[in-house]
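Descriptive structure summary
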Amino acid sequence: MFKRFFKYTPTQQEQQFIDIVNKLLLHPKTSLRMTPLTDKYFLINEQKHYYVLLKNNGIQITNSKFSFAKSLHPKAYDMIIESINTRMEEDRQALEDKLFVKETNMLEKVLNSL
């Protein structure tokens, strides 16, 4: 109940940043990098020439024509990081599924032969 009353609503500009990051995350040519020691997140899309850096509650969007940096409200920053972490987990799961498909097939054969 309290979450509904105190839920953070991003400003228009913060929502634009959230939407930009979400669109980049949906683009198949966007790659993600995260530095665990410095807690920086990078979104790189060479095809569209967009590069996003997130660190310390701030966002920087760069391409060949401009670079724009802005501090975000911590809750807006957390919304973006949550989207990135979700995508990273999906990518990790897809990689894990791909890597272990042979083991799964072998176990299925064993199970079916019993």
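Residues numbered from 1 in each chain as written. Predicted model: local features only at pLDDT ≥ 70, side-chain atom pairs only at ≥ 80, totals over all residues. Heavy atoms only, no water.

**So, the side chain of arginine 87**
By the element assignment, arginine 87 lies in helix α3 (residues 74–99). Arginine 87 gets classed as buried once you look at its relative accessible area, which sits at 15%. Excluding residues that lie within four positions of it along the chain, arginine 87 makes contacts with Leu24, Leu25, Leu26, His27, Thr30 and Leu32. (Helix = DSSP H or I, 4+ residues; strand = E, 2+ residues; numbered from the N terminus. Buried < 20%, exposed > 50% of the residue type's maximum accessible area, 1.4 Å probe, protein only. Contact = heavy atoms within 4.5 Å.)

**What about the pattern of salt bridges?**
Oppositely charged side chains can form a pair if their charged atoms are brought close together. For the coordinates displayed, the defined rule picks out three salt bridges. With a shortest N-O distance of 3.0 Å, arginine 87 and aspartate 91 are connected by a salt bridge. Of this pair, arginine 87 and aspartate 91 both sit in helix α3, four residues apart, which is roughly one turn of that helix. Linking arginine 92 and glutamate 89 is a salt bridge whose minimum nitrogen-to-oxygen distance equals 3.0 Å. Of this pair, arginine 92 and glutamate 89 both sit in helix α3, three residues apart, roughly one helical turn. Arginine 92 gets classed as partly exposed once you look at its relative accessible area, which sits at 35%. Residue glutamate 89 is classed as partly exposed on the basis of its relative accessible area of 45%. A single salt-bridge network, built from bridges that share partners, covers Glu89, Arg92 and Glu96. (Salt bridge = Lys/Arg side-chain N within 4 Å of Asp/Glu carboxyl O.)

**Digging into the environment of glutamine 12**
For glutamine 12, the location among the structural elements is in helix α2 (residues 12–26). Between the alpha carbons of glutamine 12 and arginine 92 there is a distance of 32 Å; along the sequence they are 80 residues apart.

**Side note on unusual backbone geometry**
With phi around 55°, aspartate 39 is a residue other than glycine that occupies positive phi space. The residue aspartate 39 is located in the loop between β1 (30–35) and β2 (40–45) in this model. With relative accessibility at 39%, the residue aspartate 39 sits in the partly exposed group. The backbone of asparagine 57 sits at a positive phi, close to 60°, despite the residue not being glycine. The topology assignment puts asparagine 57 in the loop between β3 (50–55) and β4 (58–62).

Structural measurements only, silent on function.
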